[in-house]
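One letter stands for each residue in the lines below.
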Amino acid sequence: MGTTPLDISKLTLVQALDLAVLIEEEARDRYEELADQLSLHHTPEAAAFFKKMVGIEEKHRQALADRRKKAFGDQKRTVTRDLLFDVEAPDYDEARVFMSVHEALRASLRSEEKAHAFFADALGHVKDPEVRHLFEELKAEEAQHQTLVKAELAKLPAESKVNPLDYSDDPVGED
Amino acid sequence: MEAKDYKSSLKPIWCPGCGDFGVVQGIYRALAAIGRPPHEIAFISGIGCSSRIPGYTTAYGFNSVHGRSLPIAQGVKLSNPELLVLCAGGDGDGFSIGGGHVPHAVRRNMDLTYIVMDNQVYGLTKGQLSPTSPRGLKTITSPYGSLEDPINPLLYVLAYGCGFVAQATPADMPGMAAVIEEAIRYPGFSFVNIQSPCVTYGEDEQQLTEHKKMMKPLKSLGHDQTDQLRAMDLARAYGKELYTGVFYKNPNPPPTYEAMVKLRQAEQAKGARPRERVLDMYLQK
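What counts and what doesn't
Residues numbered from 1 in each chain as written. Chains lettered and ligands numbered in written order. Predicted model: local features only at pLDDT ≥ 70, side-chain atom pairs only at ≥ 80, totals over all residues. Helix = DSSP H or I, 4+ residues; strand = E, 2+ residues; numbered from the N terminus. Buried ≥ 20, exposed ≤ 12 C-beta atoms within 10 Å, placed from the backbone. Contact = placed C-beta atoms within 7 Å. Rg over C-alpha atoms; globule rule 2.2 N^0.38 Å. Axes fitted to C-alpha atoms, helices over the stretch in contact; angles between N-to-C directions. Parallel < 35°, antiparallel > 145°, perpendicular 65-115°, else oblique. Left-handed = near helix turned anticlockwise from the far one by under 90°. Nonpolar A, V, L, I, M, F, W, Y, C, P; charged D, E, K, R; others polar. Pairing = 2+ DSSP bridges. Arc of directions from axis to C-beta.

**What about the overall build of chain A?**
Helix and strand content of chain A: four helices and zero strands. Each helix and strand of chain A, ordered N terminal to C terminal, gives the series α-α-α-α. If you line up chain A on its principal axes, its C-alpha atoms span 55 × 35 × 30 Å. Relative to its full complement of 175 residues, chain A shows a buried share of 40%. Counting only contacts in chain A whose residues sit at least 6 apart along the sequence, the fraction spanning at least 24 positions is 78%.

The structure is reproduced here in structure tokens:
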């Protein structure tokens, strides 16, 4: 618990499912935070995209939570969010004032890659066969999400060469 | 307690990408690991972007006066030693405006944790030179580049005998949260310098992506955290190397100021005049 890193090798299936739910919850909440930040700082298009990601991550979370409930009912949860550090949640420094939708999508892509890497790494430690099966499945899903984000990126109009920061007031303290 | 129990409903207004977003998360995690309920925690800060941090927690908070967080935090601790007292601010707040308070807080050794979010610039006031800005930095107040060397926060507190000195970066969230937790658990004055980049006025090489490449955890170097002289030697690399983790932890922490005050009060209470006879001192018999 607390700031002690999670020991993946000892996870049971119910703990692994709870962890998967919490990973999606963490991502959902982070997208919500980033959307709020960008709305506050006059970057509405990227904020709207992150808001959309809130809904997507919540959908993933709910599906996993339903699956957990079906398999284990109301069995007490023994893993907490405090064991996770930004598994699928975009890093805070991914957000920038005036970031474009392209940049927001790329941030999202990096988060999916991060989650994929997490499950790939975890599979090197997991011993329980059921947990292995679950993590294989989740890893494949993260790869599929990357494909979806890339497809969304491809649908966007060509990225503007204009840097909005070149046309905004310079911060007072800079040249 | 979980980290979410320490998060207030107030939404941070820092610039998107600010390092302080990670720092407050690290503080939530550390507090959850410690497990004290929010009403037993007092969080004191000065003025600046980072000094907004108490408001983003559910602890009692005081966003106080520029550079005066340490005197206020010490007053809080002394009047209620049972409280867990955290103190936070930026490098300007701590080492320029409040610089004179730091050595006295260190030598007084109250059991509180001082977290400095060091971004090497005055961010809130739009990017002026700060006490930890590197030599040569161009800002609105140093248009041709700073002619001064920065203050070295790590060496500064080590030189005054600080019993716990650490450095962290939000680029390593688990490491940062662990260091804050360890600092809070240390029975005495503890200092954590967090390299928390300013995305608006900070230099590119000070951003978290660079931190990820350049940070060197002291644990991985086999550093003995009880070796004060070695800690000072490593601290000299401030601004050149990004060492993270605990530089120094006194293996034999001395009694805290508040513990000694309590002892003094107990000693003096023995010879104290009973309340009903206090006026006898002023009455002629």
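**So, the overall build of chain B**
Along the backbone of chain B there are nine helices and 10 strands. What you see for chain B is a C-alpha radius of gyration of 20 Å, in line with the 19 Å of a compact globule of 285 residues. Reported as C-alpha extents along the three principal axes, the dimensions of chain B are approximately 80 × 40 × 40 Å. Here chain B holds 285 residues, and the buried ones make up 54% of them.

**Some remarks on the packing of helix H3 (residues 101–123) of chain A against helix H4 (residues 129–155) of chain A**
Packed helix pairs are characterised by how far apart their axes lie and by the angle those axes make with each other. Residue and element names in this part refer to chain A. It is at 9 Å that the axes of H3 and H4 come closest, and there the two elements cross at 165°. Relative to H4, the element H3 is oriented roughly antiparallel. Considering how the two elements wind past one another, H3 and H4 form a crossing that is left-handed. Its residues assigned to classes, the contact of H3 with H4 comprises 12 nonpolar, five polar and eight charged.

**Here we look at the interface of chain B and chain A**
The partner chain A presents 24 residues to the 30 residues of chain B that form the contact. Listed by contribution, the elements that provide at least two residues to the side of chain B that touches chain A are helix H1 (20–34) and helix H6 (173–185) of chain B. No other element matches the six residues that H1 of chain B contributes to the side of chain B that touches chain A. Class assignment for the residues of the side of chain B that touches chain A results in 16 nonpolar, seven polar and seven charged.

**Observations regarding the sheet that holds strand S1 (residues 41–45) of chain B**
Residues and elements named next belong to chain B. Spatially, eight strands are ordered S2-S1-S3-S4-S8-S7-S10-S9 in an open sheet, and the strand pairing comes out mixed. With partners counted over all chains shown, the strands left at the sheet margins are strand S2 (60–63) and strand S9 (215–217), one partner each. This sheet shows a mean twist of 20° between the axes of neighbouring strands, independent of strand direction. Against the sheet, H6 engages strand S3 (84–90), strand S4 (112–118), strand S7 (164–168), strand S8 (190–195), S9 and strand S10 (242–249), with an angle of about 165° to S7.

**Overview of the environment of Glu241 of chain B**
Residue and element names in this part refer to chain B. Along the chain, Glu241 turns up in the loop between helix H8 (228–235) and S10. Accessibility expressed as a C-beta count within 10 Å gives 12 for Glu241, which makes it exposed. Spatially, the C-alpha atom of Glu241 lies 13 Å from that of Thr169, the residues being 72 residues apart in sequence.

**Points about H8 of chain B**
All names here are of chain B. Buried within H8 are the following residues: Ala231, Leu234 and Ala235. Relative to the axis of H8, the buried residues are bounded by an arc of 100° and lie together on one face. For H8, exposure combined with an orientation more than 90 degrees from the buried face picks out Leu229 and Asp233. Looking at the packing, one finds that the buried side of H8 touches helix H5 (153–159), S7 and S10.

**Examining the packing of helix H1 (residues 13–40) of chain A against H4 of chain A**
Residues and elements named next belong to chain A. Put simply, H1 and H4 touch, their axes get as near as 9 Å, and they point 20° apart. In terms of orientation, H1 and H4 fall into the roughly parallel class. The two elements H1 and H4 meet at a crossing, and its hand is right-handed. Where H1 approaches H4, its residues Leu13, Ala16, Leu17 and Ala20 are matched on the opposing element by Glu130, Val131, Leu134, Phe135 and Leu138. Looking at side-chain class alone, the contact of H1 with H4 contains eight nonpolar, no polar and one charged residues.

**A word on the pairing of S4 of chain B**
All names here are of chain B. Counted residue by residue, S4 has seven buried out of seven residues, so it is predominantly covered. Burial along S4 is two-sided: Leu112, Tyr114, Val116 and Asp118 and Thr113, Ile115 and Met117, pointing in opposite directions, are all buried. One ladder, built from six bridges, connects S3 with S4; its direction is parallel. When the bridges of S4 are listed, Gly90 appears paired with Met117. By the bridge criterion, six bridges tie S4 to S8 in an arrangement that is parallel. Paired with Met117 across the strands is Ile194, a residue of S8.

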